[in-house]
Amino acid sequence: MTYSHNEQPENTILENIVGPVSLPLKIDESVNYFQLHYFECQGKRWACATLGDLHSMQAVPLRIESACFFGHVMHSQQCDCGFQLDEAFRRIARNKGGVVIYGIDQDARGLGIEKHFRIYDYRQNENLDTDEIYKRFHAPLDSRSYEAVTAILHFLGIHNILLMSNNQERLAFLRKQGFQVERDEIEAPLTQYNMATMMLEKEDLNYQWSFHTHGDWLLPLQQQAEEHPDCYVACVVKDNREIVADWMGESWDVATSLLAKLSDSNNRVENGLAVYLSDLPRLDELALYAKAGVSFVVVPFPVLPDYLKAEARRLGIRLQDWGRENKYKQPRPQWILEEHSDSQHIYIREGERRVIRLNHGGIV
Ligand SMILES: [Zn+2]
C-alpha cells in the first residue's frame, strides 16, 4: 500500500523519506509482505514496517522499538529487546495489520551503539551500576526523543493506536500529542539472564512490569534490621512470587536457621528459589544455599567482596548486589573475611573478630 503524501502536515520534521519498499518477513512459520519506510529526523535515523490496510483498522497495533544491537542482532538474553520485537511482529501478523516504528540510533536509550558497548564494558569490567555509568556519560538515564514517532504516525495517517508497551511515559506522550491510545501489555518472561535488566527498568524507569524486584523483597528485611540492629534478617522467595521461609535472629548461623525453616514449611526445594539477606553471607554459607537449590542470593549492597563473588561463581549460584534505592539509613558494618585456610575462616568487623571452624562448625 502507498500513502498519499498530502496526508502529511505541512511542517513535517521528517527528511529524506525513502519507500515504501515491500519485503517478505518470516514470522513464526508464515511469511507476510510488510511495507518499509526510511526516515531521517533531527539527525537521527528511523524506519517503520507496516502490515495491512491501516486505515480500515479501529486501532492500529503499534510497537515503538529502540534499537538494541545486543538483543535484536545478537539475540542476547540479558535484555528483553529481542523478545519484545519478535512478540510485536507475531501480534501484528496474527492481527493481519499493524506497525513497528524502529529508532535506528536509539541504542542505550538514545546514546547510540558505541555507548551501549561501553555500558556493558563498564558494568562487567568495572562493576559500575547503571546510574553511575550514565553519570559518567553526563547523560540522563533516558535521552530518547519521540518527536519523530509523532511525525511518522502522521505520515502514515494513524490516529487510533493500540500501543504494545509497558512504558507509561510513552503512552502519556502519545496521548499528549493528541492520539487515541490504548495499551496492549507486552512483557517478556523473567529469566535468570534478563532479571537484573528488567528489574532496573521497573525501579529506575517506572516500567509497569508485573513482577516484584529484588528491592521489593529486600526493603522489608532492611527495615526489620534497622529496628533490630543486632539481628540478621533473611527470607527465601519462590519464583519471585511468595516468601516460603523467613527468619530473624542474633545467631550468625543465618543459612542453617533459614534453611531449617524452609524444610519445616514442607516446600519442595526446586530451582527458582532466591535468598534475600539483610547482611553479607559468610563464605561457607554459600555452599549451603547452593545445596538447597537456591539460584540467587541477593544482598542490599552496591559492591560485593571478591571472595564471595568467586565462591558463588564456583558453586553456580548468582550472588546479586542490589544497593541502589535500598541503602541503610545508618551505615551497617559487615563481617569481612580477613584470613582463611581449609580449617578456619577469620572475620573482622570494627575491631571485633570471629573464627569459623570449618570441620566442627560453630563460631569461636
Ligand atoms: Zn536490549
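Above this text you will find the structure in question.
Rules of the game
- Residues numbered from 1 in each chain as written.
- Predicted model: local features only at pLDDT ≥ 70, side-chain atom pairs only at ≥ 80, totals over all residues.
- Heavy atoms only, no water.
- 1 Å grid on protein atoms, 1.4 Å probe; cavity = no way out; pocket = protein on both sides within 12 Å on 5 of 7 lines; lining within 4 Å.
- Points joined across faces, edges and corners; volume = space filled by probe spheres on them.
- Helix = DSSP H or I, 4+ residues; strand = E, 2+ residues; numbered from the N terminus.
- Donors = N, O, S within 2.8 Å, 3.2 Å for Na, K, Ca; no water.
- Buried < 20%, exposed > 50% of the residue type's maximum accessible area, 1.4 Å probe, protein only.
- Pairing = 2+ DSSP bridges.
- Axes fitted to C-alpha atoms, helices over the stretch in contact; angles between N-to-C directions.

**Q** Just give me the short version of the layout of surface pockets, but keep the residues and values in it.
**A** By volume, the largest pocket amounts to about 1400 Å³. Taken together, 50 residues line the largest pocket, and the ones lying closest to its centre are Ala-196, Arg-318, Leu-319, Gln-320 and Asp-321. Within the residue set of the lining of the largest pocket, elements represented by two or more residues are helix H4 (113-125), helix H5 (130-136), helix H8 (195-205), strand S10 (273-277), strand S11 (294-299), helix H12 (306-315) and strand S12 (318-321). In terms of residue count, the dominant contributor to the lining of the largest pocket is H8 (five residues).

**Q** Describe unusual backbone geometry, with residues and values.
**A** Here Gly-19 and Pro-20 are connected by a cis peptide whose omega angle stands at 5°. As for its position among the elements, Pro-20 is in strand S1 (residues 14-27). One non-glycine residue, Gln-42, lies in the positive phi region at around 50°. With respect to the secondary-structure elements, Gln-42 resides in the loop between strand S2 (30-41) and strand S3 (44-51). Despite not being glycine, Ala-108 has its phi angle at roughly 55°, a positive value. Tracing the chain through its elements places Ala-108 in helix H3 (residues 107-110).

**Q** So what's going on with the coordination of the zinc ion? Residues and values would help.
**A** Distances from the zinc ion to its protein donors, Cys-68 (SG), Cys-79 (SG) and Cys-81 (SG), fall within 2.2 Å. We note that the donor set of the zinc ion lies within a single chain, spaced as C-x10-C-x1-C.

**Q** Kindly report on the pairing of strand S8 (residues 232-238), identifying the contributing residues and their values.
**A** The buried fraction of S8 is high, at seven of seven residues. Alternating positions in S8 separate into two faces, Tyr-232, Ala-234, Val-236 and Lys-238 on one and Val-233, Cys-235 and Val-237 on the other, with burial throughout. When S8 meets strand S9 (residues 242-249), the two strands line up antiparallel, connected through seven bridges. Opposite Val-237, over in S9, you have Ile-243 as the bridge partner. Between the end of S8 and the start of S9, which pair antiparallel, lie three residues, with Asp-239 showing a positive phi angle near 50°. Of the pairings in the sheet, the one linking S8 to S10 comprises five bridges and is antiparallel in character. Of the residues in S10, the one forming a bridge with Val-237 is Ala-274.

**Q** Explain empty space enclosed by the protein to me, using residue names and the numbers behind them.
**A** Counted by the stated rule, this structure contains three cavities of 30 Å³ or more. Forming the walls of the largest cavity are 33 residues, and the residues nearest its centre are Cys-81, Arg-109, Arg-144, Glu-201 and Tyr-207. Put simply, the parts of the chain that give the lining of the largest cavity at least two residues each are strand S4 (60-66), helix H2 (81-95), H3, H4, H5 and H8. The biggest single contributor to the lining of the largest cavity is H8, with five residues.

**Q** Can you break down the sheet that holds strand S13 (residues 336-340) residue by residue, with the values?
**A** Strand order in the open sheet made by the three strands is S13-S14-S15, with antiparallel pairing throughout. Among the strands making up the open sheet, the edge pair consists of S13 and strand S15 (352-357). Taking each pair of neighbouring strands and ignoring which way they run, the sheet shows an average axis angle of 30°. In terms of strand pairing, strand S14 (residues 344-349) meets S15 through six bridges, oriented antiparallel.

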